[in-house]
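Coordinate analysis (summary)
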Amino acid sequence: MDMDLSLWLKRLLGVMERSLPNRCLLCQQTCLQGRGLCDVCLADGEPGPLCLGCSKPLPAPVPWRCGSCLGKKRWRPLVCAYPYHHPLGYLAGAIKIQRRMSLLSPLCDALAQRLEGLWQLGALPRPDALLAVPMHRRKLVQRGFNHSALIAVALGERLHLPVLNERVIKVRPTRDQHGLNGAERRRNLRGCFQVMPGARMHNLALVDDVVTTGTTFASLAATLRRDGHSVSQYWALASALNAVS
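A brief structural summary. (Residues numbered from 1 in each chain as written. Predicted model: local features only at pLDDT ≥ 70, side-chain atom pairs only at ≥ 80, totals over all residues. Heavy atoms only, no water.)

Okay, the pairing of strand S6 (residues 231-239) next. Buried residues dominate S6, accounting for eight of its nine residues. Bridging between strand S1 (residues 78-83) and S6 involves five bridges; their strand directions are parallel. Paired with Pro83 across the bridge in S6 is Ser239. The pairing of strand S5 (residues 204-211) with S6 spans seven bridges and is parallel. Across the sheet, the residue bridging to Leu206 is Tyr234, located in S6. The β-α-β motif built from S5, the intervening helix H10 (residues 215-226) and the parallel element S6 has right-handed crossover chirality. (Buried < 20%, exposed > 50% of the residue type's maximum accessible area, 1.4 Å probe, protein only. Helix = DSSP H or I, 4+ residues; strand = E, 2+ residues; numbered from the N terminus. Pairing = 2+ DSSP bridges. Right-handed = clockwise from strand over helix to strand, strands pointing away.)

Right under this line is the structure:
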């Protein structure tokens, strides 16, 4: 990531955390300044092993995927902190929709801890760099921030990985994906991403807040692949794939 932009995002996160209330958004008990969720709610909400294909809860970690996903020959690991239809997973969307920046730190901590556990167990490789789903400049001006970029920066800091958010841009605005079927989502995203010039990127992890159908990730990965870059995995704070699969 460009050093000036990266430094600006880090400073912005620090200012936001210092100015946020210290009440848990679930139980309203006191928690650490700017964290938004208390340790008790985070511990109680730990979902256990999740399928790396569809985020379905598993009775045991190995073999990392549910029976349905084991039958798929073409797949790419998706790691999320929580299923979306889960009290903590549902909150992931509040960062973007309700500007609940106090949720960024605890939810990114949870995802980072899950990733580190999977790496230690050899379930998936450690990526070489992170890349957030880009936002069109018009939407960025309207919202004031790219939530996916903030998540990628926070995860990069926690996991000591470079963040390459400046390497891909969104060249045209798209419709809200909510309510669109699979074919409509693919048409909506066709040709909207552009890879900027630079060195080849390999073993990338794509980052977003919530994955619903996986169409956005797949479209971005396809754009990167056409330009000679490779994506090894997807990361999201929450996943609703199991609900729509």
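Along the polypeptide, Lys170 turns up in strand S3 (residues 168-170). With no salt bridge to any partner, buried Lys170 finds its closest opposite charge in Asp208, at an N-O distance of 9.1 Å. At a separation of 2.8 Å, a polar atom in the side chain of Lys170 contacts the side chain of Thr174. Sequence-distant contacts of Lys170, that is, excluding residues within four places in its chain, are made with Pro134, Met135, His136, Cys192 and Phe193. (Lys, Arg positive; Asp, Glu negative; His and termini not counted. Salt bridge = Lys/Arg side-chain N within 4 Å of Asp/Glu carboxyl O. Polar contact = N/O pair within 3.5 Å; in protein donor to acceptor, adjacent residues only side chain to side chain. Contact = heavy atoms within 4.5 Å.)

On to the packing of aromatic side chains, then. Scanning the entire structure with this criterion turns up three aromatic pairs. Measuring from ring centre to ring centre gives 6.2 Å for Trp119 and Trp235, while their planes differ by 45°; the resulting arrangement is tilted. One end of the pair, Trp119, is in helix H6 (residues 104-120); the other, Trp235, is in strand S6, and 116 residues separate them in sequence. Given a relative accessible area of 15%, Trp119 falls into the buried group. (Phe/Tyr/Trp six-rings, centres within 6.5 Å; stacked < 30°, edge-to-face > 60°.)

Every second residue of strand S2 (residues 129-132) is oriented toward a common face, with Ala129 and Leu131 on one face and Leu130 and Ala132 on the other, all of them buried. The pairing of S2 with S5 spans four bridges and is parallel. Following the sheet pairing, Ala132 is matched in S5 by Val207.

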